[in-house]
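# Geometric and topological summary
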Amino acid sequence: MPGQGETEEDHEQQKSKKPADTAFKQQRLPAWQPIITANTALPVFLIIGLTFIPIGIVLVITSERVLEHDIDYTDTNCMSTTAANTTCAQALENANYTGQTCTCRINFALDKSFDGDVYFYYGLINYYQNHRRYVRSRDDNQLLGKEGAAASECQPFQKNSTGSGKDYAPCGAIANSKFNDTLSLLYGSENVSVTNVGIAWSTDKAVKFKNPDNASNYFTSTHDKPPNWKVTAWELDESTSENNGYQNEDFIVWMRTAAMPTFRKLYRKLLRNSTFQNGLPKGDYTLVVTYNYPVTSFAGRKQFIISTTSWMGGKNPFLGWSYIAVGIVCMITFVVFFILHKTWKIQNRPPM
């Protein structure tokens, strides 16, 4: 029955708010709380230390077996006779980035053979692909080949507002800033055979990037190429139409934005045939760069990286040393607290 001054409605509302009289809702379930003592904590520190240190040693040794050779080609001199004694970066700056290219060559030697599968990367330093507005500047529906106007997130690279008025394909700042240096390798006078197939994540190519129907007309007629691109997306790979448009693997690799300002992205994989059946032999090489991508305006650097891999991936000593550091800290903690515990027990031992 409702109390004095309480309506039937108020009474029912209060009644409905009361939890049911069950063990769960009334918090009468049995509970267990671990009591941490020296006898339970010390073995944990010992086990972690004895486990992590060997794992870290294995990871460090595995990482050291991965071979890498890095070349910073940012300030390489231009080969053009009209730009003698000028770096390619300066040549692009002097041309006001109007599409002029610069070719440079860098001679280097590999002291060891890079056996097995060999991967070629380009690296960028001081390049913030993780900037919030930059990361958002894309249209995922467009990249899936869906019809419709480009998303407003692509601004200011949504459409060619000063020219044809057509949408850019692809739109957005990420696509517009796609890395476009051309890198090739010579072993003596022989071209090193590489492939650009299989460099993107298979899930990205199968799920996130699809070409629209009638792709050739879509990219060349109904849409414009991004302002910084020299060719349309349908002309990115002249060797095959299957690696063009939104499914071009160089493009897919670039669109997966990096989390840190210093990063590398897979550029090519070695084709293991003839001279390179077992990998890259040691000897003299020449890196030939068609220098298109400006980075000096934001104090950036560009690298070309040659690397082998192991069962744990590329060279990554940090992971192994992290395991070792955690293991050592746990072992030191175990020893210190073990001594303190034993000392306390001796001092508090009852007299005989």
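Residues numbered from 1 in each chain as written. Predicted model: local features only at pLDDT ≥ 70, side-chain atom pairs only at ≥ 80, totals over all residues. Heavy atoms only, no water.

### As for the overall build of the protein
Note the following rule: Going along the chain from the N terminus, every DSSP run of H or I of four or more residues is numbered as a helix, and every run of E of two or more is numbered as a strand. The globule rule is 2.2 Å times the number of residues to the power 0.38, and the radius of gyration it is compared with is taken over C-alpha atoms. Should any heavy atoms of two residues lie within 4.5 Å, those residues are counted as being in contact. The accessible surface values rely on the Shrake-Rupley method and a 1.4 Å probe; as for residues, cover is taken only from the protein chains in view. Charge assignment in this entry is limited to Lys and Arg as positive and Asp and Glu as negative, and neither His nor the chain termini are counted. By convention, the charge on Lys lies at NZ, on Arg at CZ, on Asp at CG and on Glu at CD.
Helix and strand content of the protein: 10 helices and 11 strands. Relative to the globule expectation of 20 Å for 352 residues, the C-alpha radius of gyration of the protein, 31 Å, shows a markedly less compact shape. Reported as C-alpha extents along the three principal axes, the dimensions of the protein are approximately 95 × 75 × 40 Å. In the protein, the share of contacts with a sequence separation of at least 24, taken over all contacts with a separation of at least 6, comes to 79%. Carbon together with sulfur atoms contributes 55% to the accessible area of the protein, which is approximately 21,100 Å² in total. Treating the 34 positive side-chain charges of the protein as one cloud and the 32 negative ones as another, the clouds have centres 7 Å apart.

### Some thoughts on the pattern of salt bridges
Quick note on the threshold: Salt bridge criterion: a side-chain nitrogen from Lys or Arg within 4 Å of a carboxyl oxygen from Asp or Glu. Only protein chains enter the accessibility calculation, which uses a 1.4 Å probe; a residue whose area is less than 20% of its type maximum is buried, one above 50% is exposed, and one in between is partly exposed.
Summed over the entire model, instances satisfying the criterion amount to 11 salt bridges. Linking Asp204 and Arg256 is a salt bridge whose minimum nitrogen-to-oxygen distance equals 2.9 Å. Placement of Asp204 in helix 7 (residues 202-208) and of Arg256 in the loop between helix 9 (249-255) and strand 8 (263-270) is noted, with a sequence separation of 52 residues between them. For Arg256, a relative accessible area of 30% gives the class partly exposed. What you see here is one network of salt bridges that share partners, running through Asp72, Asp75 and Arg301.

### Details of the pairing of strand 5 (residues 182-187)
Stated precisely, the cut-off is as follows: A pair of strands is treated as paired once DSSP finds two or more bridges between them.
In the sheet, strand 5 pairs with strand 10 (residues 283-291) via 6 bridges, with the strands oriented antiparallel. In the sheet register, Ser184 faces strand 10, and the bridge partner there is Val288. Adjacent in sequence and paired antiparallel, strand 5 and strand 6 (residues 190-191) are bridged by 2 residues, among which Gly188 carries a positive phi angle near 70 degrees.

### Considerations on the side chain of Arg138
Rules: Identification of polar contacts relies on pairs of N or O atoms within 3.5 Å, with a donor-acceptor requirement for protein atoms, meaning one able to donate a hydrogen and the other able to accept it, and with residues adjacent in sequence counted only if both atoms are side-chain atoms.
Within the secondary structure, Arg138 is located in the loop between helix 4 (132-136) and helix 5 (140-143). A polar contact is formed between the side chain of Arg138 and the backbone oxygen of Met255, at a distance of 3.0 Å. Discounting chain neighbours no more than four positions away, the residues touching Arg138 are Leu143, Glu153, Cys154, Cys171, Ile174, Phe209 and Met255.

### Here's the deal with the layout of surface pockets
Applied cut-off: Definitions used for this entry: grid spacing 1 Å over protein atoms alone; cavity, a set of points where a 1.4 Å probe fits but cannot get out; pocket, an open set with protein on both sides within 12 Å along at least 5 of 7 lines; lining residue, one with an atom within 4 Å of a point. Grid points are joined across faces, edges and corners, and a volume is the space filled by probe spheres set on the points. Ten residues, namely Ala, Val, Leu, Ile, Met, Phe, Trp, Tyr, Cys and Pro, are considered nonpolar, four, namely Asp, Glu, Lys and Arg, are considered charged, and the remaining ones, Gly among them, are considered polar.
Computed from the structure, the largest pocket encloses a volume of approximately 1,200 Å³. Looking at the largest pocket, it is lined by 44 residues, and the ones nearest its centre are Lys178, Phe179, Asn180, Asp181 and Asn292. Listed by contribution, the elements that provide at least two residues to the lining of the largest pocket are helix 6 (173-176), strand 5 and strand 8. A total of 3 residues in the lining of the largest pocket trace back to one element, the largest contributor, which is strand 5. Classifying every residue of the lining of the largest pocket by side-chain character gives 20 nonpolar, 16 polar and 8 charged. Counted as a void, the second largest pocket has a volume near 380 Å³. Residue lining of the second largest pocket: 14 residues in total, with Glu68, Thr262, Phe263, Arg264 and Lys315 positioned closest to the centre. In terms of residues, the lining of the second largest pocket owes the most to one element, strand 11 (residues 301-307), which gives 3 residues. The class makeup of the residues in the lining of the second largest pocket is 6 nonpolar, 5 polar and 3 charged.

### Some thoughts on the state of the cysteines
The test is simple: Note on disulfides: each one is a pair of cysteine sulfur atoms within 2.5 Å.
A complete count under the given rule lists 3 disulfides for this structure. In this model Cys154 forms its disulfide with Cys171; the gap between the sulfur atoms is 2.0 Å. Taken together, the positions of Cys154 in the loop between helix 5 and helix 6 and Cys171 in the loop between helix 5 and helix 6 put the pair 17 residues apart, joining distant regions of the chain. As far as burial versus exposure is concerned, Cys154 and Cys171 are alike and both buried. Cysteine Cys104 remains unbridged, with the sulfur of Cys88 as its closest cysteine sulfur at 3.9 Å. Cys104 sits in the buried class, given a relative accessible area of 0%.

### What to know about the UniProt feature "transmembrane region" (unreviewed entry) in the protein
Spelled out, the test is: UniProt positions are given in the numbering used here, feature names are shortened, and annotations may be inferred rather than shown by experiment.
UniProt's feature table lists "transmembrane region" (unreviewed entry) at residues 35-61 and 318-340, given in the numbering used throughout. For residues 318-340, the end-to-end C-alpha separation is 33 Å, with 100% helix and 0% strand making up the annotated structure.

### Considerations on the sheet that holds strand 11
The antiparallel open sheet is built from 5 strands, whose spatial order is 1-11-4-8-7. Taken across any chain shown, the strands that pair with only one partner, and hence form the sheet edges, are strand 1 (68-72) and strand 7 (194-195). Judged from the 5 bridges that link them, strand 1 and strand 11 form a sheet pairing that is antiparallel. Bridge pairing in strand 11 places His69 opposite Ile306.

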